[in-house]
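Structural features, examined
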Amino acid sequence: MTLKGKDIVNIDDLSLQEIETILDSARRMVDIAKGRKGSNALEGKILASLFFEPSTRTRLSFETAMQRLGGGVITIAGQEGSSLIKGETLADTIRMADGYSDIIVMRHPREGAARMSATFSENPVINGGDGAGQHPTQTLLDLFTMREKFGRIDGLHVTLVGDLRYGRTTHSLSLALARMGASMSFVSPDIIRMPDHIVNDVKELGVEVNMTNDLKAEVPGSDVIYMTRIQKERFAEEEEYLKVAHSFRIEQGILENAKREMIIMHPLPRVDEIDPSVDFTSHARYFEQAFNGVPVRMALLKLVLEGE
Amino acid sequence: MTLKGKDIVNIDDLSLQEIETILDSARRMVDIAKGRKGSNALEGKILASLFFEPSTRTRLSFETAMQRLGGGVITIAGQEGSSLIKGETLADTIRMADGYSDIIVMRHPREGAARMSATFSENPVINGGDGAGQHPTQTLLDLFTMREKFGRIDGLHVTLVGDLRYGRTTHSLSLALARMGASMSFVSPDIIRMPDHIVNDVKELGVEVNMTNDLKAEVPGSDVIYMTRIQKERFAEEEEYLKVAHSFRIEQGILENAKREMIIMHPLPRVDEIDPSVDFTSHARYFEQAFNGVPVRMALLKLVLEGE
Amino acid sequence: MTLKGKDIVNIDDLSLQEIETILDSARRMVDIAKGRKGSNALEGKILASLFFEPSTRTRLSFETAMQRLGGGVITIAGQEGSSLIKGETLADTIRMADGYSDIIVMRHPREGAARMSATFSENPVINGGDGAGQHPTQTLLDLFTMREKFGRIDGLHVTLVGDLRYGRTTHSLSLALARMGASMSFVSPDIIRMPDHIVNDVKELGVEVNMTNDLKAEVPGSDVIYMTRIQKERFAEEEEYLKVAHSFRIEQGILENAKREMIIMHPLPRVDEIDPSVDFTSHARYFEQAFNGVPVRMALLKLVLEGE
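Source: prediction; values computed, not measured. (Residues numbered from 1 in each chain as written. Chains lettered and ligands numbered in written order. Predicted model: local features only at pLDDT ≥ 70, side-chain atom pairs only at ≥ 80, totals over all residues.)

Within chain A, the secondary structure is distributed over 11 helices and 9 strands. The C-alpha radius of gyration computed for chain A amounts to 19 Å, which stays within 12% of the reference 19 Å derived for 308 residues, consistent with globular compactness. Expressed along its principal axes, the backbone C-alpha trace of chain A runs to roughly 55 × 40 × 40 Å. In chain A, which comprises 308 residues, the proportion classed as buried is 52%. Of the contacts formed within chain A by residues at least 6 apart in sequence, a portion of 74% connects residues at least 24 apart. (Helix = DSSP H or I, 4+ residues; strand = E, 2+ residues; numbered from the N terminus. Rg over C-alpha atoms; globule rule 2.2 N^0.38 Å. Buried ≥ 20, exposed ≤ 12 C-beta atoms within 10 Å, placed from the backbone. Contact = placed C-beta atoms within 7 Å.)

Below is the structure:
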């Protein structure tokens, strides 16, 4: 098995063994990711960092990852990214970037853009999020964060909270968790609940799922509470939004009955879903989770460019 | 002869021998440009990449070129570039960038901006396009693309198609081709035909030129067909534009009588001048041409910074 | 004494000995800053360059400084910077950048933003200017420029000219000069004169200060004339502004009675305060001053990241 030359478009493109390989490699990257150790593993290589819509965390963590391994970066971001979408075809932009680099990471507002780009690029393409589609490296860093804490995914109970309908990250994450043997609770207001096709896929993998809108009741049984942002734009009435935002929010009070080892995660940025006082509890793991984007992306860049 | 320390503002600033030196050096850069070989030739050097108007291809290929050789890059692009134009004088901006780098590449909307900048900068300035003025590295990569294919420029017949009046790249290219012994056809609608002063300069170099608006008739005799974009804004009437855009377009049908070795080039981005089905023919050379920007710019950076 | 791990928020955070250490180290950086010598002192380290408002000189000189020492850079600038301010809290943005880098330099429109960021970042934060607050690296490069010229600060007479009320750089500079034994003249229109609390602080350090609006009279006694921009927006009437702008302007005529060794400085960008003809006199030192941002920031990055 080798990941060398492989496009990373969808988390489902990766076998469980490939996911384990990436997570193992990421662990070995942590010291370099923290700047404690140097590396020239990717010296002379260039990452094309193409952000046709903004995603500061994804962009910066990829750019740090590449440079921590000695590689260089060329960037399209901001207005230049959105202008390019209007100008030439995506195929032509990708061919240009392909000629100027060894690997492409891209974020695009249109679902399917990454898959299409992979067909036009000779070098590997990593999907950094495409519209309502996939964001596989987010899933990998989420899995890494859980595995680093608990030493395993199998047997964990993960509670996903918030906008489970439009929140792209929770879809891929649930499927990956199911494949790896975690059980789940899906906690959300009814109008933004997890889509049926995801629920069905998870159940078909033989995993128990509990769908509810009572966050408090789920806290004691959770090993991981995975929060996501609820966007005001999803609601017709401001009043309706405020009611919902209030019920699906983590504050210190709600944590009284939590397991001592339980961790709270969030893909960030957050709006109001986690009270800042929670940041200083031992449960808060979202900043470390953000950092984990660096070693996971380092592992991926190295495996895709160089192999094992 | 040495290019060390030389400003590269206009293709005419370079002797034929200097052009040959750059193209020879570019060939030796190809393996590094493709990431197959590393180089630290410009380690510790800094390129200031100043884009006062957007040109993604030029910017990214210079930034890759510098990094493939081990150098660093500082960038002004997007809104920051256009704001600077309104703020301080160009002279002051250039002196700042000069103090922070070893070499400047700049794109500017005003003709003559690069020449003026060169007088204020102690370090060399490379013109990455200045308004209706020059874009010498585009010409160099165009020549490189032809020479890599045919082993020579002398004796080739090159057909330039499209907006030959406002299309800056075709002006410098025709003069360079004439100096190097290629004959040419200029194919365009009458209102955007090649300016008389260029035609006269080419003829004075003893080169035959055929001016026409019949693209189809030129195909069989061409070694190179060099397409350019026709901009809608040049025409008073939409209808007039559409008629023209249709006649100066390459589709597979028109290629039936082409020489087997004929190549199609385009500075990109394209709009509609080349049918995407042509991309998959052996004639299409425009993506390789775009890639060639990297080794040619690597060669130039190295020769100007370090000499032979 | 070590600067390792220290936040650099305010020039007053630095002891005189620490300032001397930085200036001594900056002198040793000059050859590397000019690209004559290489360095890998910060190889594998990453600078997060966070510009929530534009400051091209500060940003580019830090990015060059980091790369001249072999380090890498991730950048937030332009529209992305201002959007982030509206999106998540500064604390969350800083924690993200902290996880992706070894050191942060930041520019922010709000006074106090850098100090607050330093409390949320594990790694050191360097203030690149925060609203009406501090800009300590500007003060350091100003001091460096004077000391390189005269070999000392003690005993110099420095005349500060222009907008001394809102011009942030002159406040920290006067206090630092007073601590280091320079006497000063403050030359400005009355409505934008130096704030009383600064004048008092300077006097309490036992330093003589002359407050006036007669620039011409101050020229003969000055070792350094430090010009700053006067912004039209500070005046109710255009006419009032024009009168003022005219009186606080350096032209060749005014320099007739200057000491031969006197130098003119300006933090740049300038508008109209210094006639371009002055650029070619031996007094002009503002372009070298801008360049000095590189060795001074190199020294600071190295001392804060690595210690002596």
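This next bit is on the relation of the copies chain A and chain B. Superposing chain A onto chain B takes a rotation of 120° combined with a translation of 0.0 Å along the rotation axis, leaving an RMSD of 0.0 Å. Those values place the two copies in the arrangement expected of a three-fold rotation axis. A low fraction, 10%, of the interface residues of chain A reappear at the interface in chain B, so the copies pair through non-equivalent surfaces. (Least-squares fit on C-alpha atoms with pLDDT ≥ 70 in both.)

Let us look at the interface of chain A and chain C. Taken together, the 22 residues of chain A in the interface contact 21 residues of chain C. For the side of chain A that touches chain C, the element with the most residues is helix H2 (residues 56–68) of chain A, which contributes 8 residues.

With that settled, the discussion passes to helix H3 (residues 78–86) of chain C. Turning to H3(C), its buried residues number three or more, namely C:Gly78, C:Glu80, C:Gly81 and C:Leu84. Elements that come into contact with the buried residues of H3(C) comprise H2 and helix H3 (78–86) of chain A, helix H3 (78–86) of chain B together with strand S1 (46–51), strand S2 (72–76) and helix H4 (90–100) of chain C.

With respect to topology, 4 strands assemble into an open sheet ordered S2-S1-S3-S4 (chain A), the strand pairing being parallel. Strands with a single pairing partner mark the edges of an open sheet, and in this sheet they are strand S2 (72–76) and strand S4 (125–130) of chain A. Averaged over all neighbouring strand pairs, the angle between strand axes comes to 15°, with direction disregarded. The pairing of strand S1 (residues 46–51) of chain A with strand S3 (residues 103–108) of chain A spans 5 bridges and is parallel. Its bridge partner being in S3(A), A:Phe51 is matched across the sheet by A:Arg107. Sheet strands in contact with helix H2 (residues 56–68) of chain B are S1 and S2 of chain A, and its direction is about 170° off that of S2(A). (Pairing = 2+ DSSP bridges. Axes fitted to C-alpha atoms, helices over the stretch in contact; angles between N-to-C directions.)

Take the environment of C:Leu143 next. Residue and element names in this part refer to chain C. By the secondary structure assignment, Leu-143 is in helix H6 (residues 136–150). Considered as a pair, Leu-143 and Asn-292 are 149 residues apart in the sequence and their alpha carbons are 10.0 Å apart. Residues within four places of Leu-143 in sequence aside, it is in contact with Ile-19, Leu-23, Ile-153 and Ala-176.

Let us look at the pairing of strand S3 (residues 103–108) of chain B. Residues and elements named next belong to chain B. The element S3 is largely enclosed, with a buried count of 6 among its 6 residues. Here S3 shows two buried faces, one formed by Ile-103, Val-105 and Arg-107 and the other by Ile-104, Met-106 and His-108. Direction of pairing for S3 relative to strand S4 (residues 125–130): parallel, over a ladder of 4 bridges. Within S4, the position partnered with Val-105 by the bridge is Ile-126.

The subject of this paragraph is the domain arrangement of chain A. Frequently, the measure chosen for interface size is the accessible area removed from exposure when the parts meet. Residue and element names in this part refer to chain A. Domain annotation of chain A identifies domain 1 (11–134 + 292–306) and domain 2 (137–289). In this assembly, 17 residues from domain 1 lie in contact with 17 residues from domain 2. Among the secondary structure elements, those contributing two or more residues to the side of domain 1 that touches domain 2 are helix H1 (16–33), S4 and helix H11 (286–306). Class assignment for the residues of the side of domain 1 that touches domain 2 results in 10 nonpolar, 4 polar and 3 charged. (Domains from an automatic or database assignment. Nonpolar A, V, L, I, M, F, W, Y, C, P; charged D, E, K, R; others polar.)

Quick look at unusual backbone geometry now. Residue and element names in this part refer to chain A. Leu-268 connects to Pro-269 through a cis peptide bond whose omega is 0°. For Pro-269, the position within the fold is in the loop between strand S9 (263–265) and H11. For Leu-268, which is not glycine, the phi torsion reads 60° and is therefore positive. Positionally, Leu-268 belongs in the loop between S9 and H11.

On to the interface of chain A and chain B, then. The partner chain B presents 22 residues to the 21 residues of chain A that form the contact. When contributions to the side of chain A that touches chain B are tallied by element, the ones reaching two or more residues are S2, H3 and helix H4 (90–100) of chain A.

Moving on to the relation of the copies chain A and chain C. Mapping one chain copy onto the other needs a rotation about an axis and a shift along that axis. Between chain A and chain C, which share one sequence, the superposing operator has a rotation angle of 120° and an axial displacement of 0.1 Å; the RMSD is 0.0 Å. When the interface residues of chain A are mapped onto chain C, a mere 9% of them are again interface residues, pointing to distinct binding faces.

Take the packing of helix H2 (residues 56–68) of chain C against helix H11 (residues 286–306) of chain C next. Residue and element names in this part refer to chain C. Taken N-terminus to C-terminus, the directions of H2 and H11 make an angle of 50°; their axes are 8 Å apart at the nearest point. As the angle between them shows, H2 and H11 are arranged oblique. Here the hand of the crossing between H2 and H11 comes out right-handed. Of the residues in H11, those in contact with Arg-57, Ser-61, Phe-62, Thr-64, Ala-65, Met-66 and Arg-68 of H2 are Ala-290, Gly-293, Val-294, Arg-297, Met-298 and Leu-301. (Parallel < 35°, antiparallel > 145°, perpendicular 65-115°, else oblique. Left-handed = near helix turned anticlockwise from the far one by under 90°.)

Residues and elements named next belong to chain A. Sheet architecture is open: 5 strands sit in the order S7-S6-S5-S8-S9, paired in parallel fashion. Because the sheet does not close on itself, it has two edges, and the strands there are strand S7 (209–212) and S9. Averaged over all neighbouring strand pairs, the angle between strand axes comes to 15°, with direction disregarded. Pairing geometry for strand S5 (residues 157–161) and strand S8 (residues 224–227), over 4 bridges, is parallel. Opposite Thr-159, over in S8, you have Ile-225 as the bridge partner.

Residue and element names in this part refer to chain C. Locating Met-180 in the fold gives a position in the loop between helix H7 (168–179) and strand S6 (183–187). By the C-beta count within 10 Å, which is 20 here, Met-180 ends up buried. Separated by 27 residues in sequence, Met-180 and Val-207 place their C-alpha atoms 9.8 Å apart. Residue contacts for Met-180: discarding those within four places in its chain leaves Leu-16, Ile-153 and Asp-154.

All names here are of chain B. Buried residues dominate strand S2 (residues 72–76), accounting for 5 of its 5 residues. Covered by surrounding structure in S2 are Gly-72, Ile-74 and Ile-76 together with Val-73 and Thr-75, the residues of both alternating faces. The pairing of strand S1 (residues 46–51) with S2 spans 5 bridges and is classified as parallel. Residue pairing across strands places Ala-48 opposite Ile-74, the latter belonging to S2. Following the chain from S1 across H2 to the adjacent parallel S2, one finds a crossover that is right-handed. (Right-handed = clockwise from strand over helix to strand, strands pointing away.)

One finds A:Ile104, A:Leu301, B:Ile104, B:Leu301, C:Ile104 and C:Leu301 to be the most contacted residues of the largest nonpolar core, which totals 269 residues. Not counting residues up to four positions away in its chain, the partners in contact with B:Leu301 are B:Leu42, B:Leu47, B:Ala65, B:Met66, B:Leu69 and B:Ile103. (Core = buried A, V, L, I, M, F, W, Y, C linked by C-beta atoms within 7 Å.)

For H4(A), the buried fraction is high: 9 of the 11 residues fall into the buried class. Restricting attention to buried positions, one finds in H4(A) the residues A:Asp92, A:Thr93, A:Ile94, A:Arg95, A:Met96, A:Ala97, A:Asp98, A:Gly99 and A:Tyr100.

Another aspect to go through is the confidence of the model for chain A. Per-residue pLDDT for chain A has a mean of 94; in total, 100% of the residues score no lower than 70. For this predicted complex, the interface score ipTM comes out at 0.95, alongside a pTM of 0.96. (pLDDT = per-residue confidence, 0-100.)

All names here are of chain C. For the pair H7 and helix H8 (residues 196–204), the least separation of the axes is 9 Å and the interaxial angle reads 10°. If you check the angle between H7 and H8, you find them roughly parallel. Residue-level inspection shows His-171, Ser-174, Leu-175 and Ala-178 of H7 in contact with H8, the latter providing Ile-198, Asp-201 and Val-202. Residues that form the contact of H7 with H8 fall into these classes: 4 nonpolar, 2 polar and 1 charged.

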